[in-house]
Amino acid sequence: MAKVVVLGAGVAGHTAASYLQKYLSKQHQITVVSPTSTYQWIPSNIWVGVGRMTAEDIKFDLIPLYKKWGIEFLQAKAISFYPEGDNDTNSGYVEVEYTSPQKFGLKQKVPFDFLINATGPKLNFGATEGLIPGQGNIASVCTFGHATEAWKLFKEKLDKMKNGQKQTFVIGTGHPTATCQGAAFEYILNVDFEIKRRGLQDLAEVIWITNEYELGDFGMGGAFIKKGGFISNTKLFAESYFVERNIKWIKRAGVKKIDAHKIFYENLDGEYLEQNYDFAMLIPGFAGHGFKAFDKQNSDITDCLFAPNGLMKVDADYTPRPFEQWSVQDWPQTYQNPSYPNIFAPGIAFAPPHSISKPMTSKNGTPIFATAPRTGMPSGVMGKVTAENIIAWIKTGDPEIKHRASMGRMGAACIVSAGYGMSKGTAATMTVSPVVPDWDKFPEWGRDIKTTMGEPGLAGHWLKWLMHYMFLYKAKGKPFWWLIPE
Amino acid sequence: MENRLVIDKYSEQYYPPTPTNFTLFWRKFIPFQILRFIILTLKIIKIVVKGHS
Ligand SMILES: Cc1cc2nc3c(=O)[nH]c(=O)nc-3n(C[C@H](O)[C@H](O)[C@H](O)COP(=O)(O)OP(=O)(O)OC[C@H]3O[C@@H](n4cnc5c(N)ncnc54)[C@H](O)[C@@H]3O)c2cc1C
């Protein structure tokens, strides 16, 4: 009997767990460890944050599903890794601490033959002074809880505008090297849409603040798309979207501090500037969870398993090289840890070899640029591929890794919602292929120009809406869920 | 210019392209959007299939 432990029940972890239970016979044990017992479809948090959906619409309880699937579920968080075990335990194990009310604070060893670390990012709000979601005028849409609070705050501001008070909305990145610009981009467009839907635009100033060198970079160095007889950069696409809506922008900005009414940032020119606001939604920096790792002799081997940013080392090429020498070959394909091949890290949990966008530094030496995004679709694919490799290994006994999913090969689709409504809504359907530009294969545009696109319109909203229901259907393990791709 | 909101001259916002009424019409015109929905879905499926190896 093999024991497979999955840490995290997000896009990557839950996808991996669902395939493991489907293809491994019941003689094998699958355990999922996650600090919350709910699964949330994170992309729809945008709509929770503007009151178009509630948290209940985007989440469900995992416990009955895992019971039905025969998966052991521990409501706990991983703390430390012992890949070789210790004097008392021969197999590798993870030390977890329970978060459920019944066993809160209790620690336990969870032994494994195979470990999937799919713990996603630590939302590192603490890295930006004053960036505390729910405090004062600061909101976040990174979790359903945050998004619910964001809607309450946004509603307060809408009410103020209804009473004739002007309000300034600042949305974007809240750390000099934050990623996930796409989510903030969607949120600003939805906030703007809701303001206009209520006819309050004359009382609102909506401002985008970003660490991107140019708009439309989205942490993937931007993309070229073919449209209207031109091949143009997503810079133009993002700027046009904002101009159409009278949204102003501040780019190349590294937010360092925020108080109740002001955002303090440094730009690439080395200037220290301030921006007033009444409502701010700023994406925090992402980091690893600060896990520790120990060998059998209890010596600290954290740097074997984890990169300095706390994310897990996998089969990427981490050799430091200048931007000009980066290649798609640097990106991992199997998400397997080089020191412990029975440990994998799909999704945001793996340490990327470097960013995709060119790293930029301000005149004062502050790095200000967008770090690499790992959106839902690649995270789901990585989760599935990891499960497939473990299943094959368990079934055949052969550790050869056959299934691969490199961000330098796979594409991603991202539907950028810009307003909710079946007849009045809109979204930009964006696809990039591959996610990491491959300048050797596509020397002109870095990506396949036939499958890289950006198209605004009502159809995009229908797609985003459909995906919400489709992916929740899949995550709930309803009949034929596996026919729905990641 | 069509649909252009008041913008400070020589600011960053002054230069990017703005969609015309014609473009905005097609973005909302339901029969056309149904067609685009089908095409976009097929394009996404193509990318998804390519990504799984
Ligand atoms: C607002 C927002 C909108 C987005 N919109 C889109 C979109 O439209 N399209 C798209 O493709 N992507 C989107 N993304 C990105 C997408 O959500 C992520 O790529 C995806 O969730 C990453 O999956 P993951 O499994 O790596 O991490 P997560 O989904 O974050 O899952 C991590 C899991 O690990 C658990 N965990 C955390 N700590 C521990 C611990 N110590 N021990 C055990 N478990 C732990 C967490 O509880 C969670 O269950 C969006 C992100 C945000 C924030």
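The model shown is predicted, which means the values in this text are computed figures rather than measured ones.

Asks: Can you help me understand the overall build of chain A in this one?
Replies: What chain A contains, in helices and strands, is 10 helices and 25 strands. In terms of overall dimensions, chain A is globule-like: its C-alpha atoms have a radius of gyration of 22 Å, near the 23 Å expected for 486 residues. Projected onto its principal axes, the C-alpha positions of chain A cover 65 × 50 × 45 Å. Within chain A, the proportion of its 486 residues that are buried is 61%.

Asks: Whenever I open this one, the interface of chain B and chain A confuses me. Can you help?
Replies: A common way to state how big an interface is: give the accessible area lost once the parts meet. Taken together, the 28 residues of chain B in the interface contact 45 residues of chain A. Counting the surface lost from both chain B and chain A, the interface buries some 3,200 Å², and carbon and sulfur atoms represent 64% of this. Between chain B and chain A we count three salt bridges in total. Put simply, chain B and chain A have nine residue pairs in polar contact (both at pLDDT 80 or more) between them. Among the secondary structure elements, those contributing two or more residues to the side of chain B that touches chain A are helix H1 (21–28) and helix H2 (30–51) of chain B.

Asks: Help me understand the site of the ligand, please; the structure alone is not making it clear to me.
Replies: Residue and element names in this part refer to chain A. Taken together, 33 residues are adjacent to the ligand, and Ala12, Ala78, Ile348, Arg374 and Gly376 come closest. The separation between an oxygen atom of the ligand and a polar side-chain atom of Ser34 is 3.4 Å. A total of 990 Å² of accessible area belongs to the ligand in isolation, and the protein chains cover 88% of it. Listing elements by their share of the shell around the ligand, those giving two or more residues are helix H1 (11–23), strand S2 (29–34), strand S5 (72–82), helix H6 (181–197) and helix H9 (376–396). Ranked by residues supplied to the shell around the ligand, first place goes to H9 with three residues. Broken down by class, the residue content of the shell around the ligand amounts to 19 nonpolar, 10 polar and four charged.

Asks: What is the right way to read the confidence of the model for chain B from this model?
Replies: Mean pLDDT over chain B stands at 85; residues scoring 70 or higher make up 83%. Across the whole predicted complex the pTM is 0.96, and at the interface the ipTM reaches 0.92.

Asks: How do you make sense of the environment of Gly270 of chain A when you look at a structure like this?
Replies: Residues and elements named next belong to chain A. Within the secondary structure, Gly270 is located in the loop between strand S17 (262–267) and strand S18 (272–276). The class of Gly270 is buried, set by a relative accessible area of 14%. In this structure, the C-alpha to C-alpha distance between Gly270 and Thr36, residues 234 residues apart in sequence, is 42 Å. Look past the residues within four positions of Gly270 in its chain and what remains in contact with it is Ser362, Lys363 and Asn364.

Asks: I tried to follow the nonpolar core on my own but got confused; where do I start?
Replies: Residues and elements named next belong to chain A. Counting 91 residues, the largest nonpolar core has Phe154, Tyr187 and Ile195 as its most contacted members. Setting aside residues no more than four positions away along its own chain, Phe154 makes contact with Gly49, Val50, Phe169, Tyr187, Val191, Glu194, Ile195 and Phe279. By size, the runner-up hydrophobic cluster in this structure holds 50 residues, among which are Tyr39, Leu65, Phe114 and Leu463.

Asks: Please explain the pattern of salt bridges as it appears in this structure.
Replies: A side chain of one charge can pair with a side chain of the opposite charge if their charged atoms are brought near each other. Applying the stated rule across the entire model yields 25 salt bridges over all chains. Close ionic contact of Asp86 of chain A with Lys109 of chain A constitutes a salt bridge, the shortest N to O distance being 3.1 Å. On the criterion of sequence distance, the pair formed by Asp86 of chain A in the loop between S5 and strand S6 (92–98) and Lys109 of chain A in strand S7 (residues 107–112) is long-range, its members being 23 residues apart. By relative accessible area, Asp86 of chain A is classed as buried at 14%. Lys152 of chain A is paired through a salt bridge with Glu149 of chain A; the nearest N and O atoms lie 3.2 Å apart. With a gap of three residues between them, Lys152 of chain A and Glu149 of chain A both fall in helix H5 (residues 144–162), about one helical turn apart. Three or more residues joined by partner-sharing salt bridges are found here, namely Glu214, Lys235, Glu239, Lys251 and Arg252 of chain A together with Glu12 of chain B.

Conventions adopted
- Residues numbered from 1 in each chain as written.
- Chains lettered and ligands numbered in written order.
- Predicted model: local features only at pLDDT ≥ 70, side-chain atom pairs only at ≥ 80, totals over all residues.
- Heavy atoms only, no water.
- Helix = DSSP H or I, 4+ residues; strand = E, 2+ residues; numbered from the N terminus.
- Rg over C-alpha atoms; globule rule 2.2 N^0.38 Å.
- Buried < 20%, exposed > 50% of the residue type's maximum accessible area, 1.4 Å probe, protein only.
- Contact = heavy atoms within 4.5 Å.
- Buried area = accessible area lost by both parts, 1.4 Å probe.
- Salt bridge = Lys/Arg side-chain N within 4 Å of Asp/Glu carboxyl O.
- Polar contact = N/O pair within 3.5 Å; in protein donor to acceptor, adjacent residues only side chain to side chain.
- Near = heavy atom within 4 Å.
- Areas by Shrake-Rupley, 256 points an atom, 1.4 Å probe, with all protein chains shown as cover.
- Nonpolar A, V, L, I, M, F, W, Y, C, P; charged D, E, K, R; others polar.
- pLDDT = per-residue confidence, 0-100.
- Core = buried A, V, L, I, M, F, W, Y, C linked by side-chain atoms within 4.5 Å.

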